[in-house]
Amino acid sequence: NLSHLSKPQNHRDDIPMCPKTSPLIGGPIHVSFPSGLTLAQVQRKNPLVVRGGRYRPPDCEAQHKTAIIIPHRNREHHLKFLLYYLHPFLQRQQLSYGIYVIHQAGSYTFNRAKLMNVGFREAMREEDWDCLYFHDVDLIPEDDRNLYTCDTNPKHAAVAMDKFGYKLPYKMYFGGVSALSPLHYLKMNGFPNNYWGWGGEDDDIGVRVSLAGMYISRPSLKLGRYKMIKHKLDKGNGENPQRFNMLAKTRQTWKTDGMYISRPSLKLGRYKMIKHKLDKGNGENPQRFNMLAKTRQTWKTDGMNTVEYEVVSRDYLPLYTNITVNIGTES
Ligand code: UDH
Ligand code: NGS
């Protein structure tokens, strides 16, 4: 009997399918950011993760194959925490998975959506993934019942982020973390390539979903919870870990007495906050509103069918595949 010769090399005999619901899922996750964490420690905690950040459950055949696509530049500190939480999270869900970091080469304006297009093409080139998670580097899922699998419609997963009070900031919000099958992705011609700098590209993607005749699917607010890793905005102005203890004691510590707070009306006491230029090369995109008004005219001619780039390097690191890419500049 020579039938074994035609089996794919990685076929494992006598391994049952994983159950529909993983027995390893535990629910809410307490997320904190241990100082001094290293990638070597993350690696030691995840001995079954192999080259390129790939994993398969050891005792059963996964029901789902998910690729995680992370757009990146100059956020190594965030990436380390994301990997620290994401690897065990995905393993508890008994997924077969791979993590891809799509690193924008050079220092020209950042382009998050175009990096996602690159990630889609490069990941699908390697493996027949049935679901792709487009994942900001600074968002940590807080409940492992938030399954990293695809739905029948494109999914917006980051519905309850701490920075928005664990609610959707607005109905059409599609930012942070989303999940599409290859069919969804191709049906909407992928993501736009022309949003350079901060803002609007996620809204464009949300509009594309409906222009392509699909709906946005979402987990519940209870499960789709995410904690955003703090951005060390200003050197020397990091979070004060004592602040909660101190606030609890103001009654004992204050001293002065007898004043009230006076306020102008909401009409007059209006302020605009100057945007923080957090990341070099990711300033607000002033074109974004004009561009968003035209998505209906542009989605079919700008996207997966027009993306151009040059892979600079592909590194199969222990915890992820790093693809450094030259995506050019704004024309
Ligand atoms: N990203 C990088 N490097 C950059 C910029 C963005 O890796 O220089 C990636 C990263 O995955 C990030 C995502 O693109 O999570 C989105 O970046 P963003 O800066 O638009 O959004 P983020 O949610 O920052 O990370 C929110 C705080 C900044 C608000 C400033 C404007 N109000
Ligand atoms: C909207 C942006 C989105 C952005 C969202 C949340 O205004 O890209 O705010 O931003 N849309 C436009 O600018 C058109 S956040 O609070 O995370 O900085 O994702």
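Computed from a predicted model, the values in this text were never measured in an experiment.

Caption draft 1: Spotlight on the overall build of the protein. Along the protein, the regular secondary structure elements total 9 helices and 11 strands. A globule of 331 residues ought to have a C-alpha radius of gyration of about 20 Å, and the protein, at 22 Å, matches this closely. For the protein, the C-alpha atoms occupy an extent of roughly 90 × 50 × 35 Å along the three principal directions. The buried share of the protein, reckoned over its 331 residues, is 44%. The contacts of the protein with a sequence gap of at least 6 include a subset with a gap of at least 24, amounting to 82%. Roughly 19100 Å² of accessible area belongs to the protein as shown, and the carbon and sulfur atoms make up 54% of that amount. Taking the average place of the 47 positive charges on the side chains of the protein and the average place of its 31 negative ones, the gap between the two points comes to 7 Å.

Caption draft 2: Just the environment of isoleucine 229, in detail. Looking at the element boundaries, isoleucine 229 is found in the loop between strand 9 (225–228) and helix 6 (243–248). For isoleucine 229, a relative accessible area of 3% translates into the label buried. Placed 71 residues apart in sequence, isoleucine 229 and lysine 300 show a C-alpha to C-alpha distance of 35 Å. Among residues more than four places away in sequence, those in contact with isoleucine 229 are Phe33, His78, Phe81, Val137, Asp138 and Ile140.

Caption draft 3: Structural detail: the site of ligand 2. All residues adjacent to ligand 2 are Lys163, Phe164, Tyr170, Tyr173, Trp198, Gly199, Gly200, Asp202, Asp203, Arg288, Phe289 and Leu292. Between ligand 2 and arginine 288 there is a distance of 2.5 Å, counted from an oxygen atom to a side-chain nitrogen or oxygen. With the chains in place, 73% of the 460 Å² that ligand 2 exposes on its own is no longer accessible. When contributions to the shell around ligand 2 are tallied by element, the ones reaching two or more residues are helix 5 (201–211) and helix 8 (288–292). In the shell around ligand 2, the residues fall into 6 nonpolar, 2 polar and 4 charged.

Caption draft 4: Structural detail: the side chain of threonine 295. Inspection of the secondary structure puts threonine 295 in helix 9 (residues 295–298). In this structure the side chain of threonine 295 is engaged in a polar contact, spanning 2.9 Å, whose partner is the side chain of aspartate 204. With near-sequence residues (within four places) excluded, threonine 295 lies in contact with Tyr195, Asp204, Val207, Arg208 and Leu211.

Caption draft 5: Geometry of the site of ligand 1. With respect to spatial proximity, 17 residues lie near ligand 1, and among them Pro71, Arg73, Val137, Asp138 and Trp198 are the closest. Interatomic distance of 3.0 Å between a backbone N/O atom of valine 137 and an oxygen atom of ligand 1. At 2.5 Å from an oxygen atom of ligand 1 is found a side-chain nitrogen or oxygen belonging to aspartate 138. Compared with its free state, where it exposes 660 Å², ligand 1 has 85% of that area covered by protein. Residues belonging to the shell around ligand 1 are distributed by class as follows: 6 nonpolar, 3 polar and 8 charged.

Caption draft 6: View of the pattern of salt bridges. Applying the stated criterion to the full structure yields 14 salt bridges. We note a salt bridge from aspartate 151 to lysine 155, for which the minimum N-O separation is 3.9 Å. Note that arginine 208 and aspartate 302 form a salt bridge whose closest N and O atoms lie 4.0 Å from each other. Within this pair, whereas arginine 208 is found in helix 5, its partner aspartate 302 is found in the loop between helix 9 and strand 10 (310–316), the two being separated by 94 residues in sequence.

Caption draft 7: Spotlight on the environment of histidine 135. With respect to the helices and strands, histidine 135 occurs in strand 4 (residues 131–135). Taking the C-alpha atoms as reference points, histidine 135 and lysine 294, separated by 159 residues in sequence, lie 25 Å from one another. Excluding its chain neighbours within four sequence positions, the residues that come into contact with histidine 135 are Ile68, Ile69, Ile70, Pro71, Leu82, Leu86, Met116, Tyr148, Gly176, Val177 and Tyr226. Side chain to side chain, histidine 135 and tyrosine 148 meet in a polar contact 2.8 Å long.

Caption draft 8: Quick look at the packing of aromatic side chains. One pass over the structure, following the stated rule, counts 13 aromatic pairs. Judged by centre distance (5.4 Å) and plane angle (25°), the rings of tyrosine 55 and tyrosine 97 are stacked. Here tyrosine 55 is found in strand 1 (residues 54–55), whereas its partner tyrosine 97 is found in strand 3 (residues 96–104), with 42 residues between them in sequence. Grouping residues by exposure puts tyrosine 55 and tyrosine 97 together as buried.

What counts as what
- Sequence order as written defines the numbering, with residues in each chain counted from 1.
- Both sets of labels track the order of writing: A upward for chains, 1 upward for ligands.
- Given that this is a predicted model, residues contribute local features only at a pLDDT of at least 70 and side-chain atom pairs are listed and counted only at 80 or more, while totals for whole chains, interfaces and linings are drawn from all residues.
- Neither water nor hydrogens contribute to the side-chain values; these are computed over all heavy atoms in the structure.
- Comment: elements are numbered from the N terminus, with helices defined as DSSP H or I runs of at least four residues and strands as E runs of at least two.
- Atoms counted for the radius of gyration: C-alpha only. Globule rule: 2.2 Å times residue count to the power 0.38.
- Think of it in three bands: residues with accessible area under 20% of the maximum for their type are buried, residues over 50% are exposed, and the middle band is partly exposed, with areas taken using a 1.4 Å probe on protein chains only.
- The contact rule is simple, with two residues in contact once any of their heavy atoms fall within 4.5 Å.
- Note on areas: Shrake-Rupley, 1.4 Å probe, and residue coverage restricted to the protein chains presented here.
- Note on charges: Lys and Arg go in the positive column, Asp and Glu in the negative column, and His and the chain ends are not counted at all.
- For this purpose, a charge sits on NZ of Lys, CZ of Arg, CG of Asp or CD of Glu.
- Consider each residue's heavy atoms; a residue with any of them within 4 Å of a molecule or strand counts as near.
- In protein, a polar contact means a hydrogen-donor-capable atom and an acceptor-capable atom, both N or O and within 3.5 Å, with residues adjacent in sequence counting only if both atoms are side-chain atoms; elsewhere, any N or O pair within 3.5 Å suffices.
- Under this grouping Gly is polar, as are all residues other than the nonpolar Ala, Val, Leu, Ile, Met, Phe, Trp, Tyr, Cys and Pro and the charged Asp, Glu, Lys and Arg.
- Any Lys or Arg side-chain nitrogen located within 4 Å of an Asp or Glu carboxyl oxygen qualifies as a salt bridge.
- Note on aromatic contacts: the rings of Phe and Tyr and the six-membered ring of Trp form a pair at centre separations within 6.5 Å, being stacked when their planes are under 30 degrees apart, edge-to-face when over 60 apart, and tilted otherwise.

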